[in-house]
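Structural characterization, general
Below are the chains, spelled out letter by letter.
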Amino acid sequence: MRKCIIIPIILVSFWACSQNVHQDPTHNFTVQRLLIVNGNNELLMCREQSVWAPPSLIYDQRQFLKEGLDSLSNAYGIRIGELQLRGKFSYKYDYHPHATSRDYFVARYVSGDLKVPKGMDEAKWIPLPQAIEKNSVTAIMEITRQIMMFPHTVWGGSFVVSRTESGHPTKIVEDFYPLFEIATDGR
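These lines cover the structure that appears in this document, whether it is placed above or below. Per chain, residue numbering runs from 1 following the sequence as it is written. Residue-level local features of this predicted model are given only where pLDDT is at least 70; pairs of side-chain atoms are given and counted only at 80 or more, and the full residue set underlies all totals for whole chains, interfaces and linings. As a convention, hydrogens and water are excluded, and side-chain values are obtained from all of the structure's heavy atoms.

**So, the side chain of Ser101**
Inclusion rule: Think of it this way: any DSSP run of H or I at least four residues long counts as a helix, any run of E at least two long counts as a strand, and we number them from the N terminus. Whenever a nitrogen or oxygen atom comes within 3.5 Å of another N or O atom, the pair is scored as a polar contact, on the condition that within protein one atom can donate a hydrogen and the other can accept it, and that pairs from neighbouring residues in sequence are kept only if both atoms are in side chains. Contact between two residues is taken to exist if any of their heavy atoms lie within 4.5 Å; hydrogens are not considered.
Topologically, Ser101 is positioned in strand 7 (residues 99-112). Here Lys88 takes part through its side chain, which lies 3.1 Å from a polar atom of the side chain of Ser101. Setting aside its immediate chain neighbours within four residues, Ser101 contacts Phe29, Thr30, Val31, Lys88 and Phe89.

Dropping the structure here:
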């Protein structure tokens, strides 16, 4: 009898852990997105299935912020320079009660040979204007454009995500607003 109860619990636990936390989270979490620019003014973009976007990680493990982002760039075979926060965005969903926070960082490529990490189908450097347009998710495209067009400002904004048969459309509910300006005099 005990085995009859334990086996279904294990199967349900395994199923829950294998679900994409980004699609149906069971808690609030933060996504760290990393805009890496090389010396040719190209942005690192990656593709998972049919979705193109800059690299990101779900920040829900016991690690320091820089440690997680360095680990992310290392997964692509590259080293990055100083991280610069460029955006802090909030997301609500109309299909579950949880919220997410999205932090956007910009970093310069320093060295390394680009590779495709496990779980990704493709990774490549794309000229900045084309990379912005190549983003498959409208919110990521608009945020990336805002950050790259106004590089001396840290931006905020809020989005609502819906679920439809064709995807997860996003709508801006609080337009981009400056959180603070970045000193450009070397300070």
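**Observations regarding unusual backbone geometry**
For clarity, the threshold we go by: Working definition: with a 1.4 Å probe on protein chains only, accessible area under 20% of the residue-type maximum means buried, over 50% means exposed, and in between means partly exposed.
Positioned with a positive phi, Asn41 is a non-glycine residue whose angle comes to about 60°. With respect to the helices, strands and loops of the structure, Asn41 is situated in the loop between strand 1 (29-37) and strand 2 (42-48). With a relative accessible area of 41%, Asn41 lands in the partly exposed category.

**Regarding the pattern of salt bridges**
Note the cut-off: Salt-bridge detection follows one rule: a side-chain nitrogen of Lys or Arg within 4 Å of a carboxyl oxygen of Asp or Glu.
Applying the stated criterion across every chain, the model contains seven salt bridges. The partner of Asp121 in a salt bridge is Arg47, with the nearest N and O atoms 3.8 Å apart. You can see Asp121 sitting in the loop between strand 7 and strand 8 (122-127) and its partner Arg47 sitting in strand 2, a full 74 residues away along the chain. Residue classification places Asp121 among the partly exposed positions, given a relative accessible area of 44%. Note that Arg47 and Glu122 form a salt bridge whose closest N and O atoms lie 3.0 Å from each other. Of this pair, Arg47 sits in strand 2 while Glu122 sits in strand 8; the two residues are 75 residues apart in sequence, bridging distant segments of the chain. Among the residues examined, Glu122 registers a relative accessible area of 26% and is labelled partly exposed. The structure contains a network of salt bridges with shared partners spanning Arg47, Asp121, Glu122 and Lys124.

**Focus: helix 2 (residues 65-75)**
Put simply, the test is: Working definition: the arc comes from the directions between the helix axis and the C-beta atoms, pointing outward to the latter.
Taken as a whole, helix 2 has its buried residues at Gly68, Leu69, Leu72 and Ser73. The buried residues of helix 2 all sit within an arc of 135° when viewed along its axis, so they share a single face. Looking at the buried positions of helix 2, the neighbouring elements they touch are strand 1, strand 4 (56-59), strand 5 (78-80) and strand 7. With its phi angle positive at about 80°, Gly77 sits one or two positions after the end of helix 2.

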